[in-house]
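Structural overview
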Amino acid sequence: MNRHEKAAVGAVALMLLAAGAIFLYAPTDYLQGPVQRIFYLHVSSAIAAYGCFAVVLIGGIVYLRNESLAADRFARAGALVGVVLTTVTLVMGSLWAKKVWGAYWVWDARLTSTLVLWIIYAGYLTVRRLAEPGRQAARFAAVVGIFGFIDVPVVHFSVTWWNTQHPGAVIINDALPPEMLATFFFTMFCTLVLAGVMIAIRYRIETLLDERHGVTEPARVVAARGAEAGAEPVP
Amino acid sequence: MSILVADGLTHWFGRELALEGVDLVLDTGEHMAVLGDNGAGKTTLLRILATALHPTAGRLQLAGLDAFRERRRLRHYLGYVAHAPGLYPALTAAENLEFFCDLQDVNRSRAAEVLETVGLTPFASKRADQLSRGMQQRLAIGRAILHEPKLLFFDEPDASLGADAGDLLAGIMQGRTVVLATHDHALANRLCPRTLVLRHGRSLGTATHLRVVK
Amino acid sequence: MNPVRVAVAVLRKDLRSEWRTRELVPALAQFVILALLIGNFGFQIDSRNAASIAPGILWLALVFAGLVAFGRAFAAEREQASLEAMLMTPASPVAVFAGKAMAAFGLLVLCEAVMLPALSLFFGTPLSIGVIAAVLLASVGMAALGCLFAAMVARVRARELLLPLLTLPLWIPFIIAGGSALQSAMGLPGNYQEAVGLLIDFDILFIVLTSLAARFVLDE
């Protein structure tokens, strides 16, 4: 087993442990019943998705500054994993909402901005596929990733300003009993580990894809090492 | 003194290798032709040399400067005539040039001078889409020399220029360092003492006064 | 190098080309009128619900007209291979971008000059300074964002598909604030000043961001 396979097995084992905690350790919510158990993974995957998109943002900024191929690969990996986790968040959230609010979807700030987030990073992946691979795709995608990240709080703010219905931060005000809180933090930890492992594996895949497509360190970086500085152009 | 030094220029379009490890050194004032079949990589090489395209790998120095780091400074020294004329169809010949005078930051009166050079003065107020293909090509050449570049890159400029293409090009090339991509061996021989032959993205080497490469 | 000279030259060139060919504005004006017509059939508008529905129809029509206008602005340069010629000059890409964005904004304003009176004529909504100001303010930021992504997709395959995909989610804040401003300007309850304040904030934010990003999108 190589490094990545070991990490994958570890992450899956952690997620199974988290599932055990969610279903066996955490008490049943007396108001909402068993459906409340969605909460643990729903919120954890939302937080992990934000983490992934932060990777996309930082990767994009670093790429635009120095064209580091590694930063771009991290951004690519982060976007893909982030979109998967956002999908999980949205699907679990709407199942929960159906039970609790009576509808799969309501147009509230958090739901709307999460949906926008999903659309933007799905667009990011589309740009990557359609732009000429290499420098152009990386630059365009970096711009989309940065605008997407900035747009989410803006959308969130504008929809909040419009109207809102989603519960706020339930974790901060000690509304949760300690068993629930412990389960939540453990699930969040496991989800973050899983996200990290998925990004690492995807990073490796992107590296191999780059090698196959002949994408190497960009010419400018190579040239910078050999060029003599300060030469004046011939008039 | 070498004005252009290219080292291992390589370019991939996606999974397709368009140019592989092309080296090239050009002295100031030298004229060089690039010959090759369609798809041999002529346009890719020219676009990279003119800093219009970033190569996937390799390095390029123009006038002693790193071509891709100092691109904006170098733009004053470069002129590039692409295969497509790239004119604004609804603007007149003169307006097309005047617009580029603004972008090049040169006086608009240069437009009239250049129209004279490329022999389009009688057509100055004709819309670009009413000019013949050859005249459009001349206009595109005129646009590339508005700012008196020291280095000129021509991508098949002779394609539709007509019978006096050689004379026009010879006049413009005088006193400049030029790389000219063409199909026309006779024209290459007449205008350029040196020739680079490309095949499948690779350089088959340069030769002075090429006989005939079949 | 004078960026203002470049931006003005690009703006003049685009408006002059449009004036001579009259390619875009008449077609877009017809399109927005048609959109109002379709909106009328879809929603059964009468004098009671006009103020709540008309703004929605206006934004829908405007968003799609904008996508076409901004898409064309760069697609035409791309087809004629003139974008590369422009970027081969020492002119700053940000100045070129600013000129293109201003021209596209100008064309969109011409569409609005047809659309707003038509909206008022068909649905009896007021055509006040408040309505015009809200639409214009939203158009500024939408033009900046729309042109940035139009410049990007002009160099990408399947650009007709990708432009709305990238642009629409980023336009949502303008549509929210603009829609709210329009509804209150047409007599529904709402805080007009706050909505217009938001529009101005979004305009500033996205003009700054797009100018920072334009270099990476336009420069090869």
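Heads up: the structure comes first, above all this text.
What this report covers is the structure whose coordinates are included nearby. None of these values were measured; they are calculated from a predicted model. (Residues numbered from 1 in each chain as written. Chains lettered and ligands numbered in written order. Predicted model: local features only at pLDDT ≥ 70, side-chain atom pairs only at ≥ 80, totals over all residues.)

**A look at the overall build of chain B**
Looking only at helices and strands, chain B features 7 helices and 10 strands. Over its C-alpha trace chain B gives a radius of gyration of 17 Å, about what one expects of a compact globule, namely 17 Å for 214 residues. The C-alpha extent of chain B, read off along each of the three principal axes, is 45 × 40 × 35 Å. When the 214 residues of chain B are sorted by exposure, 54% land in the buried category. Put simply, of all contacts in chain B between residues at least 6 apart along the chain, 66% involve residues at least 24 apart. (Helix = DSSP H or I, 4+ residues; strand = E, 2+ residues; numbered from the N terminus. Rg over C-alpha atoms; globule rule 2.2 N^0.38 Å. Buried ≥ 20, exposed ≤ 12 C-beta atoms within 10 Å, placed from the backbone. Contact = placed C-beta atoms within 7 Å.)

**Let's talk about the overall build of chain A**
Helix and strand counts for chain A stand at 7 helices and 0 strands. In chain A, the succession of α and β elements from N to C terminus is α-α-α-α-α-α-α. The buried share among the 235 residues of chain A stands at 39%. Long-range contacts, defined as pairs at least 24 residues apart, comprise 78% of the intrachain contacts of chain A with a sequence gap of at least 6.

**Details of the nonpolar core**
In this structure, Ala104, Cys147 and Leu199 of chain C are the most contacted members of the largest nonpolar core, which totals 211 residues. Excluding anything up to four places from it in sequence, Leu199 of chain C contacts Ala134, Leu137, Ala138, Phe174, Ala177, Gly178 and Ala181 of chain C. (Core = buried A, V, L, I, M, F, W, Y, C linked by C-beta atoms within 7 Å.)

**With respect to the sheet that holds strand β3 (residues 31–35) of chain B**
Residue and element names in this part refer to chain B. Strand order in this open sheet of 6 strands is β6-β7-β8-β3-β9-β10, and the pairing throughout is mixed. Two strands bound the open sheet, and with one partner strand each, they are β6 (78–81) and β10 (202–208). Put simply, the sheet's adjacent strands are angled 15° from each other on average, direction ignored. Along the sheet face, helix α5 (residues 133–144) touches β6 and β7 (151–155) and points at about 165° away from the line of β6. (Pairing = 2+ DSSP bridges. Axes fitted to C-alpha atoms, helices over the stretch in contact; angles between N-to-C directions.)

**With respect to helix α3 (residues 93–104) of chain B**
Taking 1.5 Å of rise per residue, 12 residues should cover 16 Å, and α3 of chain B covers 17 Å from first to last C-alpha, within 8% of that figure. Counting buried positions over the 12 residues of α3 of chain B gives 12, a clear majority of the element. Ala93, Ala94, Glu95, Asn96, Leu97, Glu98, Phe99, Phe100, Cys101, Asp102, Leu103 and Gln104 of chain B are the residues of α3 of chain B that are buried. On its buried face, α3 of chain B is in contact with α4 (110–117) and α5 of chain B together with α1 (3–21) and α4 (82–87) of chain C. Once α3 of chain B finishes, Asp105 of chain B follows within two positions and takes phi at roughly 60°, a positive value. (Expected span 1.5 Å × (residues − 1).)

**What to know about unusual backbone geometry**
All names here are of chain B. Even without being glycine, Ala63 reaches a positive phi, approximately 50°. Structurally, the position occupied by Ala63 is in the loop between β4 (57–62) and β5 (65–66). Positive phi values are uncommon outside glycine, yet Asp105 reaches one of about 60°. Classification of Asp105 as partly exposed rests on a count of 15 C-beta atoms within 10 Å.

**A word on the sheet that holds β5 of chain B**
All names here are of chain B. Here we have 4 strands laid out as an open sheet, ordered β2-β1-β4-β5, and antiparallel in their pairing. Strands with a single pairing partner mark the edges of an open sheet, and in this sheet they are β2 (16–27) and β5. Two strands pair when backbone bridges link them, and β4 and β5 are joined in this way by 2 bridges, in the antiparallel orientation. When the bridges of β5 are listed, Gln61 appears paired with Asp66. Of the strands in this sheet, β1 (2–13), β2 and β4 are in contact with helix α1 (residues 42–49), which crosses β1 at around 125°.

**A closer look at the interface of chain C and chain B**
Put simply, an interface is often sized by how much accessible area is lost when its parts join up. Contacts between the two partners involve 21 residues from chain C, matched on the other side by 23 residues from chain B. Among the secondary structure elements, those contributing two or more residues to the side of chain C that touches chain B are α1 and α4 of chain C. In terms of residues, the side of chain C that touches chain B owes the most to one element, α1 of chain C, which gives 8 residues. Of the residues belonging to the side of chain C that touches chain B, the class tally is 9 nonpolar, 6 polar and 6 charged. (Nonpolar A, V, L, I, M, F, W, Y, C, P; charged D, E, K, R; others polar.)

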